[in-house]
Amino acid sequence: MRPSSRMAPALRTYRSGLFAWLFWRSLGRLGTLVLLWGWGWDSTSALGLRNTATQLDADSKLPIMGLMPINKAVKSISEGILPAVQLATEHVHNKFLPNTSKLVLEWYDSECDNAKGLKAFFDGIKYGPKHLMIFGGVCPSITSIIAESLKEWNLVQLSFAATTPVLADKKKYPNFFRTVPSDNAVNPAVVKFLKHFHWRRVGTLTQDVQRFSEVRNDLTSELEKADIQIADTESFSNDPCPSVKKLRGNDVRIILGQFDEHMAAMVFCCAYNESMYGIKYQWIIPGWYQLNWWKSVTSSYCNVKNLLTAMEGSVAVDFEPLSTKEIRTISGLTPQQYEQEYNKMRGSAEYSKFHGFAYDGIWVIATTLQRAMDSLKRLGNPQTIRDFNYVNKDLGQIFLDSMNETNFFGVTGQVVFRNGERMGTIIFSQFQDKVEIKVGEYNAIADSLELINNTLRFQGVEPPKDRTIIQPQLRKISLPLYSILSALTVLGMFMSSAFLFFNIKNRNQKLIKMSSPYMNNLIILGGMLSYASIFLFGLDGSFVMPTTFETLCTVRTWILTVGYTTAFGAMFAKTWRVHAIFKNVKMKKKIIKDQKLLIIVGGMLLIDLCILICWQVVDPLRRTVEDYPLEPDPAGRDFAIQPLLEHCENSHMSIWLGIVYAYKGLLMLFGCFLAWETRNVSIPALNDSKYIGMSVYNVGIMCIIGAAVSFLTRDQPNVQFCIVALVIIFCSTITLCLVFVPKLITLRTNPDAATQNRRLQFTQNQKKEDSKTSTSVTSVNQANTSRLEGFQTDNHRLRMKITELDKELEEVTMQLQDTPEKTQYIKQNHIQELNNILSIRNFTDGNDSDKPLMKNQHDSRTEVPWGTTLEPSRTNKDVIEDINSPEHIQRRLSLQLPILHHAYLPSIGGVDASCASPCVSPSASPRHRHVQPPFRVMVSGL
């Protein structure tokens, strides 16, 4: 057992002893001479001169002062040390020193008390023989006091149990040596152990005691030299739990502890409560605790079971009490043989782990004296070691130099001093299944670490990490998902190619020709560009380099934007042409060619290009990598995953997106307006308003949903890519199908139905002052050039026929004035002729009805018994000019209005149609007044 670092002596005794020590230290050499003289030593001995009689009496004795607590308080030390010292003395006498020399140890009880220890030291000097050296020094406080004054006494002290790091200061304690390594000696071994497992980040937990603080300070220096990061340094006095919790909060995985046995139980209970044990943590603690120390320690923090659970796998570091190598030592025995003899001599006495260091200490003193003798002979100095006294500097220096030259293999290993410190062997033991197992050792002389094979066990499959290892993981798009969506995109492009082939092949068909095949090609091109953008959206860091990804950011934005504008711009341009033709109230003929529509689409694309170019020049898209919160390893390994996600962003991303979305939104609103305005146009070949409305609805809804879900799944690239790709595929496919599938079906089933001219009615409400009038207009079919020329030819022919009939009507009217008896017959015959004339006019105005405007009641036609013929000498040009002349129009109206007057009034309950003239009174012609009207006329189209 290692002695406690703090004793509790009586304050008064401590002060008196300290005062005496300070007093004698201040006296120096003069004080020493006075003291020796006062104790009855003669001046001759004090000056180092030989006293022949005294020398002869003490020739065989080499006195050594032994300082060690022998009282009951630390009885275990003396009980375990004295058998080893006795055994070592015997071995030295038998195998090393000549018969004329004999080591004699005079023991003085220090009682681990400063005052009593000083008194024992002074008693040994005053009343004892001239001690050549001091052997012992266990308690740190009294040992440091005595060791500091040894230089003035020319004495060399060798300790076998004082491990305090304070004594390593050679400026303050130049004459102090120890066979036991200091507490600081384990620090290089710990650093070597950390390096072996590549632990570069540690934390320290230290009990607030000077002894442990000194070790911690030296360890900090060693760690800094080795470039090992100290993540956190915690200390505690009574309750270690707050410090343990801070270590856990700072993600400290490797904990270097410095605390005694009692606090060790509390520390591990706190570690259990904070879950700081297991595969993620490694504790390294002192190894000088008593065997099975946890059995005698009780803690209110946890029970023994929890304590052992937290301790499992912890590593203890301490100096090696006995060498494990089967090599013969300086005594001729192996360490194992020595241990056997020691146990026999010890018997039932309590075991001490310092017995090997005490055994080797006796051998160190013997070899030092032997080298001192050899040095005196080599130098030709007539003095011997028996001539030493406390004022003899020369012999004191010879003893000091001889001690520094110590180098032999003892039972504790190779015994070598470096600046007075023992370069010993440090062992590593691991707590495994309630037992401490030696797993390795560190040789301080060779600075080498040797781990025993298959003995060191970690609770995980590998040593714990020194920190939460953050493994960057770029979130990539799944290759199977990319393959599936790419296959769907390829199918969509095949479909677009099929529609393009269909549109080109049937471009001369009336159905396709009237629906603007060039605009249809643009719609298909826009859809294919939208499809192509899906391939680019799926390319991330798993496929391309970062520089290439940055280029893709710009390319895919341009392709998707241009594709959208091309498809919907062409569709809206077609709808605008239908709107411009059929919403023309003045009924002026309009011919809007495809070139003008292409200019419109080009203007839309020009706006897109201006926005995209400004975007690229002012604030181009860059590749940014966004870090997301750490995630545990799915396989349960001891590291965390740092998700990384690539984005295409710039400084003012929201502004540019707002501009693009605003422009596209206005474009869609304009398309919806045109589709609504032309919803009643019933010529499928010309009107796509219904399908455009459906397309805009689907695209709008899908874009809104897709944008929202894509924003919410920003940290999930697979989900985001899937949503974006499906939205593009759905919108493009639905749009193309709505535009081309109806045409394909119509062309296969009834190609003429889509090109037939149907009556369309537009109602326009206008408020003029206080009246409301409804006007019904007949729409004119916008046909191709060849059909329009046919209609013009027919119109010219019919106008010539009207001229001939007007001429004939004029002659018949003149004959009626000469023969009133035949008025009824002629009237009926010429009403029929008038009916024919009006029918011809109706046809020339564009009506497709074959019914006459006026019909005889008996539906009888009578040949005119006389006829007139037109002058054939008149040319067609003269006829056309003649019928449009004011004189001819006036004459025609003067002839037609009386007939119309007599024909219309009876049908609406007016004047009897039998009247020959509207100016003649009904009483003037009683015969005609009582005759029933022979026919009634229905008027339409006026």
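Reading the values: the criteria
Residues numbered from 1 in each chain as written. Predicted model: local features only at pLDDT ≥ 70, side-chain atom pairs only at ≥ 80, totals over all residues. Heavy atoms only, no water. Helix = DSSP H or I, 4+ residues; strand = E, 2+ residues; numbered from the N terminus. Buried < 20%, exposed > 50% of the residue type's maximum accessible area, 1.4 Å probe, protein only. Contact = heavy atoms within 4.5 Å. Areas by Shrake-Rupley, 256 points an atom, 1.4 Å probe, with all protein chains shown as cover. Patch = residues over 30% accessible without salt bridge, like charges linked within 9 Å, V, L, I, M, F, W, Y side chains within 5 Å. Salt bridge = Lys/Arg side-chain N within 4 Å of Asp/Glu carboxyl O. Pairing = 2+ DSSP bridges. Axes fitted to C-alpha atoms, helices over the stretch in contact; angles between N-to-C directions. Polar contact = N/O pair within 3.5 Å; in protein donor to acceptor, adjacent residues only side chain to side chain. Expected span 1.5 Å × (residues − 1). Disulfide = S-S within 2.5 Å. pLDDT = per-residue confidence, 0-100. Parallel < 35°, antiparallel > 145°, perpendicular 65-115°, else oblique. Nonpolar A, V, L, I, M, F, W, Y, C, P; charged D, E, K, R; others polar. Core = buried A, V, L, I, M, F, W, Y, C linked by side-chain atoms within 4.5 Å.

Engineer: Which residues make up the overall build of the protein, and what values do they have?
Structural biologist: When helices and strands are counted, the protein shows 28 helices and 22 strands. Looking at the protein residue by residue over its 942 residues, the buried ones come to 47%. Across the protein, every contact between residues at least 6 apart in sequence was considered, and the portion connecting residues at least 24 apart equals 74%. Summed over all atoms, the accessible surface of the protein reaches about 48000 Å², with 56% contributed by carbon and sulfur.

Engineer: Describe a nonpolar patch on the surface, and please don't skip the residues or the numbers.
Structural biologist: A cluster of nonpolar residues, Ile484, Leu488, Val490, Leu491, Phe494 and Leu726, forms a patch on the protein surface that exposes about 560 Å² of accessible area. Ranked by residue count, the leading element in the nonpolar patch is helix 16 (residues 479-505), at five residues.

Engineer: Go over the sheet that holds strand 1 (residues 61-68), please, and point to the residues and values.
Structural biologist: Overall, parallel pairing links the five strands, which are arranged 2-1-3-4-5 in an open sheet. For this open sheet the edge positions go to strand 2 (102-109) and strand 5 (176-178), each flanked by a neighbour on one side alone. When strand polarity is set aside, the average angle formed by the axes of neighbouring strands in this sheet is 25°. Looking at chain direction, strand 4 (residues 157-159) and strand 5 are connected through three bridges and run parallel. Residue pairing for strand 5: glutamine 157 is matched across the bridge by phenylalanine 176. Helix 6 (residues 140-148) rests against strand 1, strand 4 and strand 5 of the sheet, and its axis sits at about 160° to strand 4.

Engineer: So what about the side chain of threonine 367? Which residues, and what values?
Structural biologist: Checked against the element boundaries, threonine 367 lands in helix 14 (residues 355-379). Only 2.9 Å separates the side chain of threonine 367 from the backbone oxygen of valine 364, close enough to count as a polar contact.

Engineer: Could you give me a rundown of helix 5 (residues 114-127), with the residues and numbers involved?
Structural biologist: Over its 14 residues, helix 5 extends 20 Å from the first C-alpha to the last, a length consistent with the 20 Å expected when each residue adds 1.5 Å. Within the span of helix 5, buried status applies to Asn114, Ala115, Gly117, Leu118, Ala120, Phe121, Phe122, Gly124 and Ile125. Two or three places before alanine 115, at the start of helix 5, stands the capping residue aspartate 113, its side-chain oxygen 3.1 Å from that residue's backbone nitrogen.

Engineer: Could you give an account of the state of the cysteines, naming the residues involved and the relevant values?
Structural biologist: Following the criterion strictly, the structure yields three disulfides and no others. Disulfide pairing is shown between cysteine 241 and cysteine 270; the S-S distance is 1.9 Å. In this structure the cystine formed by cysteine 241 and cysteine 270 twists about its S-S bond by roughly -70°; its chirality is therefore left-handed. With cysteine 241 in helix 10 (residues 241-249) and cysteine 270 in helix 11 (residues 261-273), this pair connects stretches of sequence that are 29 residues apart.

Engineer: Would you mind going over the confidence of the model for the protein in detail, with residue names and values included?
Structural biologist: The share of residues in the protein with pLDDT of 70 or more is 71%, and the mean pLDDT across the chain is 75. A low-confidence stretch, residues 753-784 stays under pLDDT 50, and its non-local contacts, those more than four residues away or across chains, total 51 contacts. Note on residues 837-881: pLDDT under 50 across the span, and 61 contacts to partners over four residues away in sequence or across chains.

Engineer: Account for the pattern of salt bridges, naming residues and giving values.
Structural biologist: Under the criterion given, the structure shown has 14 salt bridges. Aspartate 183 is the salt-bridge partner of arginine 211, the closest N and O atoms lying 3.1 Å from each other. A residue pair is termed long-range when its members are at least 10 positions apart, and arginine 211 in helix 9 (residues 210-225) and aspartate 183 in the loop between strand 5 and helix 8 (186-196) qualify at 28 residues. The pair arginine 211 / aspartate 183 is uniform in exposure class, with both members buried. Aspartate 251 is the partner of arginine 253 in a salt bridge, and the nearest nitrogen-oxygen pair spans 3.3 Å. Relative accessible area serves as the criterion here: at 4%, arginine 253 is assigned to the buried category. A residue is classified by how much of its surface remains accessible, and aspartate 251, at 23% relative accessible area, is partly exposed. Shared partners join several salt bridges into a network, and the residues in it are Glu320, Lys438 and Glu441.

Engineer: How would you sum up the pairing of strand 20 (residues 639-649)? Please name residues and give values.
Structural biologist: Counting buried residues along strand 20, 10 of its 11 residues qualify, which places the element largely inside the surrounding structure. Note: strand 17 (residues 469-474) against strand 20, six bridges, orientation parallel. By the bridge assignment, glutamine 473 is partnered in strand 20 with proline 643. Two elements, strand 19 (residues 631-632) and strand 20, share two bridges in a ladder whose sense is antiparallel. Opposite proline 632, over in strand 20, you have alanine 640 as the bridge partner.

Engineer: Residues and numbers for the packing of helix 20 (residues 594-618) against helix 21 (residues 653-677), please.
Structural biologist: The relative placement of two packed helices comes down to the angle between their axes together with the axis-to-axis distance. One can describe the packing of helix 20 onto helix 21 by two numbers: an axis separation of 11 Å at closest approach and a directional angle of 175°. One way to sum up the angle between helix 20 and helix 21 is to call them roughly antiparallel. Between helix 20 and helix 21, the residues in contact are Met604, Ile607, Asp608, Ile611, Cys614, Trp615 and Val618 and Met653, Trp656, Leu657, Ile659, Val660, Tyr663, Lys664 and Leu667, respectively. When its residues are assigned to classes, the contact of helix 20 with helix 21 shows 13 nonpolar, no polar and two charged.

Engineer: Would you mind going over the sheet that holds strand 15 (residues 435-443) in detail, with residue names and values included?
Structural biologist: Taken together, the eight strands give an open sheet; going across it, the order is 7-6-8-9-10-14-15-16, and neighbouring strands pair in mixed fashion. Edge positions in the sheet fall to strand 7 (229-236) and strand 16 (448-451), since each has one partner strand and no second. Averaged over all neighbouring strand pairs, the angle between strand axes comes to 25°, with direction disregarded. Note: strand 8 (residues 254-258) against strand 9 (residues 282-286), three bridges, orientation parallel. Note that in strand 9 the partner of leucine 256 across the bridge is isoleucine 284. Across the face of the sheet, helix 9 comes into contact with strand 6 (201-207), strand 7 and strand 8 while running at roughly 165° to strand 6.

Engineer: Quick rundown of the environment of isoleucine 484? Include the residues and the values.
Structural biologist: Looking at the secondary structure, you find isoleucine 484 in helix 16. On the basis of relative accessible area, isoleucine 484 is assigned to the exposed category, the value being 53%. Taking the C-alpha atoms as reference, isoleucine 484 lies 9.9 Å from cysteine 722; in sequence the two are 238 residues apart.

Engineer: Can you lay out the nonpolar core for me, pointing to particular residues and giving the numbers?
Structural biologist: Ranked by internal contacts, the top residues of the largest apolar core, which has 99 residues, are Leu103, Phe121, Phe135, Phe160 and Leu194. The greatest single-element share of this core, amounting to 12 residues, is contributed by helix 14. Contact partners of leucine 103, with chain neighbours within four places excluded, come to Leu62, Ile64, Thr89, Val92, His93, Leu97, Ile362, Ile365, Ala366 and Leu369. Core analysis: the second largest hydrophobic core is formed by 52 residues, Ile524, Leu612, Trp615 and Ala675 among them.

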